[in-house]
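Listed below, chain by chain, are the residues.
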Amino acid sequence: MTCPGVTSCASRPPGQDGGMTYSCARVPVAAVALVDDLARPTRLLAARRSGPPALAGGWEFPGGKVEPGEPPAGAAVREAREELGVRVELGDPVGPGPWPLGATHEMWLWWAVTCPGEPEPQPLADHDELRWVTLETLRDVPWLANDRAVVDHVEAFLVPVADLA
Ligand SMILES: Nc1nc2c([nH]c(=O)n2[C@H]2C[C@H](O)[C@@H](COP(=O)(O)OP(=O)(O)OP(=O)(O)O)O2)c(=O)[nH]1
């Protein structure tokens, strides 16, 4: 489920997961901010939702609802595999805690990279397009309204491609 050498998400105690405390006050959604490099991320994978109609066409972080009893980090890894067809390794949580998504949901989001040897992510479920965005193109896609705060946060961590030259 995780890359070789990475502690299994399932071994983490309930209530604490990847540095975040699980509140259960809202429906938990687990997702990945998939980047090219955890230490110096220059590109981020954005995914365009194919449904439901109210959300279709909006761009988001790949992920989905945490299943009952499932550690959120494990859910993030599972959702990446189901939606993108790749195994991922999680890095740190993005931000200090779950991100509120409107009044009813909250998103547990991790920086992540694909495991070595994995293929390019594909839009296998829930999305009709994937796009690697950079600091320069992050805002070229219409993110879901609930994601604005987290996109602002992520933006501060992306390294301009020009800085690597
Ligand atoms: N994955 C994800 N969901 C988000 C983001 N922003 C946002 O408002 N949401 C909302 C959309 C949905 O209402 C909810 C995620 O639920 P989902 O429908 O994708 O969950 P799922 O894949 O488990 O789907 P389902 O089988 O339960 O229908 O969170 C985001 O960046 N990523």
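As shown above, the structure is provided for reference.
Only a predicted model underlies this, so the values are computations on that prediction, with no experimental measurement involved. (Residues numbered from 1 in each chain as written. Predicted model: local features only at pLDDT ≥ 70, side-chain atom pairs only at ≥ 80, totals over all residues. Heavy atoms only, no water.)

Caption draft 1: Representation of the overall build of the protein chain. Across its full length, the protein chain carries two helices and ten strands. Traced from its N-terminal end to its C-terminal end, the protein chain shows the element sequence β-β-β-β-β-β-α-β-β-β-β-α. Across the 165 residues of the protein chain, 44% fall into the buried class. Taking contacts inside the protein chain between residues at least 6 apart in sequence as the whole, the part at least 24 apart equals 73%. (Helix = DSSP H or I, 4+ residues; strand = E, 2+ residues; numbered from the N terminus. Buried < 20%, exposed > 50% of the residue type's maximum accessible area, 1.4 Å probe, protein only. Contact = heavy atoms within 4.5 Å.)

Caption draft 2: Highlighting the side chain of E60. On the secondary structure map, E60 appears in strand β5 (residues 59-60). E60 gets classed as buried once you look at its relative accessible area, which sits at 7%. Within the structure, the side chain of E60 is placed 2.7 Å from the side chain of H127, a separation counted as a polar contact. Residues contacting E60, with those up to four places away along its chain left out, are A46, A47, R49, H127, W143, L144 and D147. (Polar contact = N/O pair within 3.5 Å; in protein donor to acceptor, adjacent residues only side chain to side chain.)

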